Amino acid sequence: MDSFVIDGGRRLSGRVRINGSKNAALPILAAALLTTEPVTVRDVPALDDIANMLRLLEQLGCAQVPQGAEDSAGVIRLRTTDETVSHAPYEIVRTMRASICTLGPLLAKRGYARVSLPGGCAIGERPVDLHIRGLKALGAEITLEAGDIIARAPQGGLKGTTIFLGGANGSTVLGTTNVMCAAALAKGTTIIESAACEPEVVDLAKILIAMGAKIQGAGTPRITIEGVDQLGGTDHTVMADRIEAGTFMIAAAITNGDMILDNCPIDAMLAPVYWLEAAGVHVQPVAALAATGVGRARGAGSLSLTSGSATTGAVGGDDPLRKCVRITTDRVLRPVEITTQPHPGFPTDLQAQLMALLCLADGNSVVTERIFQDRFLHVAELSRMGGRLVRQGPTVIISGVRELVGAPVMASDLRASACLVLAGLAAKGRTVVNRVYHLDRGYERMEERLRSLGASITRVEEKVAATMCTVPA
Ligand code: EPU
């Protein structure tokens, strides 16, 4: 197992490109099961979860075809050539909950799916009852056997209907993507009410539409899908990762840095940007810069930038999901009160990272987690680094301190790991973040990219890290 050794206190500056979104790519790759024609997906990040999804798809008869000579990294070409195996087994599902994304596509295309039931995980229970409710409404017969969900389409195939997909905690992202994929090949019209509005759902709808599906309203709580007989191949570029972008924004802010993010999906980040600005972090669109010679090495002089107003559509290119933005920070961070919510509210996937920043704000912040109420494993670790945090149920009160202090800490899930890395970048002295395999599930080469921005961060084996817990005198 690997650890990160971070010597904190360095201002980060320079330029980094935001990668394609993990959470958009996972259901998009699974959608390749809906056709036997070739599907090309671009800007897929090189992450453990993606590798697991590709391994699962291969078992399901949807393998990668050789890349073209001109293909860059991140291009995945898939083709389903064998539809006989429709079982997503526990040995893969337990490594990646998003295996559940194959349920809807398999059921719709093959009329049968057997997908191991994902268990809970470090951030909570994570049931899949809404996925099952939605697919049953389309006529599927669903049973549970030996820990597997077994879904069968009725004679004559799935049938469109109106489905209320809301649960106790609101909408479900992957539940919506599963039902959307299944409804794309169902007979008649499906209306998903209380659908998840997350941008990743919209990105999946885009590729499905390009494959021939008839979908309206993705990105709103009511999605209408008119079933078609078959879907074809396509070529799609995955949206940029809004959670990675938010994590880099906080890395700039927590180190009082000055950073430029390329390919930033700012239009999908209005809530995080609003709350970061409330805390004293500036997120400014800037004119697109040439790809070379603009990032600055530490101490190599200032960047020459043209600031644009947040309302100017043309700044950094026309696509509001692929902007160029500059992150700077006020000297004093202000406390904020936030509650995580489904999109367009503040995302649960940035709660832990924001909490690291709020540890250094001038006053008391309040963070309430409404999506995964136990997603607080980072709280005790931040306390070990000198943060002052008190948890009461789904709420944490954070009293800002002047500085965090490096310590050995343990990552427990993907976003908690990112939070601890951020805290380590700001802390005085050395932080060792253990179990960074959690981080590797969602951030590609994080340490290399942070290093290119001036951080002192190294990946070492855990037993080596144990000997490096304090900075040598
Ligand atoms: N829920 C139910 N029943 C269900 C499904 C969900 O009660 O059948 C509840 C959950 O327990 C939770 C809420 O509904 O309280 C929302 O869960 P959702 O189904 O939306 O989560 P998900 O689709 O399994 C995706 C992301 C998560 C992200 C959540 C919420 C992927 C691969 N995962 O999970 O990402 O936190 O949406 O936005 O897209 C991460 O990247 O770190 C991560 C955990």
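One can find the structure itself at the top, above this paragraph.
Residues numbered from 1 in each chain as written. Predicted model: local features only at pLDDT ≥ 70, side-chain atom pairs only at ≥ 80, totals over all residues. Heavy atoms only, no water.

Caption draft 1: Representation of the layout of surface pockets in the model. Considering only enclosed or pocket space, the second largest pocket measures out at about 450 Å³ in volume. Surrounding the second largest pocket, 19 residues form its lining, Ile254, Arg331, Leu333, Leu360 and Arg402 being those nearest its centre. Elements that contribute at least two residues to the lining of the second largest pocket include exactly α8 (242–254) and α12 (414–426). A class-by-class count of the residues in the lining of the second largest pocket yields nine nonpolar, four polar and six charged. (1 Å grid on protein atoms, 1.4 Å probe; cavity = no way out; pocket = protein on both sides within 12 Å on 5 of 7 lines; lining within 4 Å. Points joined across faces, edges and corners; volume = space filled by probe spheres on them. Helix = DSSP H or I, 4+ residues; strand = E, 2+ residues; numbered from the N terminus. Nonpolar A, V, L, I, M, F, W, Y, C, P; charged D, E, K, R; others polar.)

Caption draft 2: Molecular detail of empty space enclosed by the protein. Counted by the stated rule, this structure contains one cavity of 30 Å³ or more. Together, Thr348, Gln351, Ala352, Arg375, His378, Asp413, Arg415 and Ala416 line the largest cavity. Among the residues forming the lining of the largest cavity, the class breakdown is two nonpolar, three polar and three charged.

Caption draft 3: Seen up close, the side chain of arginine 114. Tracing the sequence through the fold places arginine 114 in strand β7 (residues 112–116). Ignoring any residue separated from it by four or fewer positions in sequence, one finds arginine 114 in contact with Ser86, His87, Ala88, Glu145, Ala146, Asp148, Ile149 and Ile150. (Contact = heavy atoms within 4.5 Å.)

Caption draft 4: Just the sheet that holds strand β15 (residues 258–264), in detail. If you walk across this open sheet you meet the four strands as β2-β15-β17-β16, and the pairing is mixed. Two strands bound the open sheet, and with one partner strand each, they are β2 (13–17) and β16 (281–285). Geometrically, the sheet is characterised by an average inter-axis angle of 20° between neighbouring strands, direction not taken into account. As defined by bridge partners, β16 adjoins strand β17 (residues 323–329) across five bridges and the pair is classed as antiparallel. Residue pairing across strands places histidine 282 opposite threonine 328, the latter belonging to β17. With respect to the sheet, α8 is in contact with β2, β15, β16 and β17, its orientation differing from that of β15 by roughly 170°. (Pairing = 2+ DSSP bridges. Axes fitted to C-alpha atoms, helices over the stretch in contact; angles between N-to-C directions.)

Caption draft 5: Summary view of unusual backbone geometry. Cis geometry marks the peptide bond from histidine 343 to proline 344, where omega comes out at 10°. Mapped onto the elements of the fold, proline 344 is located in the loop between β18 (337–339) and α10 (351–358). Phi at serine 194 takes a positive value of approximately 65°, unusual for a residue other than glycine. Looking at the secondary structure, you find serine 194 in the loop between β11 (189–193) and α7 (199–210).

Caption draft 6: A look at the site of the ligand. Inspection of the region around the ligand gives 22 residues, with Leu130, Thr172, Asp349, Ile371 and Arg415 positioned closest. Between the ligand and lysine 22 there is a distance of 3.4 Å, counted from an oxygen atom to a side-chain nitrogen or oxygen. Between the ligand and leucine 130, the relevant distance is 2.7 Å, taken from an oxygen atom to a main-chain nitrogen or oxygen of the residue. Here the ligand, which alone exposes 830 Å², has 89% of that area covered by the protein. Every element with two or more residues in the shell around the ligand is listed here: α1 (22–30), α5 (129–137), α6 (173–184) and α12. When the residues that make up the shell around the ligand are grouped by side-chain class, the tally is ten nonpolar, six polar and six charged. (Near = heavy atom within 4 Å. Polar contact = N/O pair within 3.5 Å; in protein donor to acceptor, adjacent residues only side chain to side chain. Areas by Shrake-Rupley, 256 points an atom, 1.4 Å probe, with all protein chains shown as cover.)

Caption draft 7: Looking closely at the packing of aromatic side chains. Under the counting rule described, the total for this entry stands at one aromatic pair. For the ring pair tyrosine 274 and tryptophan 275, a centre distance of 5.0 Å and an interplane angle of 90° mean the geometry is edge-to-face. Owing to a relative accessible area of 53%, tyrosine 274 belongs among the exposed residues under this scheme. The exposure class assigned to tryptophan 275 is partly exposed, which follows from its relative accessible area of 25%. (Phe/Tyr/Trp six-rings, centres within 6.5 Å; stacked < 30°, edge-to-face > 60°. Buried < 20%, exposed > 50% of the residue type's maximum accessible area, 1.4 Å probe, protein only.)

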